[in-house]
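Residue-level listing of the chains:
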Amino acid sequence: PPYSDELSGRLCRLVVMKALPALAEQDFTAFSQAVTELQNAVGDHFAPVQGGRYVSPAVTETLEMLAAQGVQGYGQSSWGPTGFALFATRQEAEKAREKLAAKSKGDAALEFVLCRGRNQGCLIETHDLSPIS
């Protein structure tokens, strides 16, 4: 169903009043919390279609485990099944990856990859598309 005005307003406020200021202020904790709030609200909205907050039971279990360990930023990429978690340092991410990989040994549906943000603005390129004569 379409987003209600109330939900749309809540999501916009989270982005404009919490996520973007936290990003500008380099407040990792506040940014992570805002991402998770956004993810939870959107996941709950689509739960009837995707079978729960997250589309994958394995990703659901993994994200719930991370939340129980105190990870504050996590969610699902678009319609999934990719889940993600945010960590302040590479060392924290590597430690979490090791724990998750050990717990999920033998589950071919799960792969844990470390990535980092691009942390720069958009790059727009123009190309000459005139026909070659």
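Just so you know, these numbers come straight off a predicted model, no measurement behind them. (Residues numbered from 1 in each chain as written. Predicted model: local features only at pLDDT ≥ 70, side-chain atom pairs only at ≥ 80, totals over all residues. Heavy atoms only, no water.)

Take the overall build of the chain next. Scanning the chain for helices and strands turns up four helices and two strands. Listing every helix and strand of the chain by position from the N terminus yields α-α-α-β-β-α. Radius of gyration (C-alpha) of the chain: 18 Å, far over the 14 Å computed for a compact globule of 133 residues. Structurally, the chain occupies a C-alpha span of about 60 × 40 × 35 Å along its principal axes. When each of the 133 residues of the chain is scored for burial, the buried share is 27%. Contacts in the chain between residues far apart in sequence, at least 24 positions, make up 46% of those at least 6 positions apart. (Helix = DSSP H or I, 4+ residues; strand = E, 2+ residues; numbered from the N terminus. Rg over C-alpha atoms; globule rule 2.2 N^0.38 Å. Buried < 20%, exposed > 50% of the residue type's maximum accessible area, 1.4 Å probe, protein only. Contact = heavy atoms within 4.5 Å.)

Spanning 12 residues, helix 3 (residues 57-68) covers 16 Å between terminal C-alpha atoms, matching the ideal 16 Å at 1.5 Å per step. Among the residues making up helix 3, those that are buried are Ala 58, Val 59, Thr 60, Thr 62, Leu 63, Met 65 and Leu 66. Its buried side turned inward, helix 3 meets strand 1 (73-76), strand 2 (83-86) and helix 4 (90-103). Of the residues trailing helix 3, Gly 70 is marked for its positive phi of about 95 degrees. (Expected span 1.5 Å × (residues − 1).)

Within the secondary structure, Phe 28 sits in helix 2 (residues 28-50). Overall, the relative accessible area of 32% leaves Phe 28 in the partly exposed class. It is 41 Å that separates the C-alpha atoms of Phe 28 and Asp 128, two residues lying 100 residues apart in sequence. With residues near it in sequence (within four places) discarded, Phe 28 still touches Leu 86, Phe 87 and Ala 88.

Between helix 3 and helix 4, whose axes approach to 12 Å, the crossing angle comes to 135 degrees. Here helix 3 lies oblique to helix 4, going by the angle between them. For helix 3 against helix 4, the interelement crossing comes out right-handed. On helix 4, the residues that touch Glu 61, Thr 62, Met 65 and Leu 66 of helix 3 are Ala 96, Leu 100 and Lys 103. When its residues are assigned to classes, the contact of helix 3 with helix 4 shows four nonpolar, one polar and two charged. (Axes fitted to C-alpha atoms, helices over the stretch in contact; angles between N-to-C directions. Parallel < 35°, antiparallel > 145°, perpendicular 65-115°, else oblique. Left-handed = near helix turned anticlockwise from the far one by under 90°. Nonpolar A, V, L, I, M, F, W, Y, C, P; charged D, E, K, R; others polar.)

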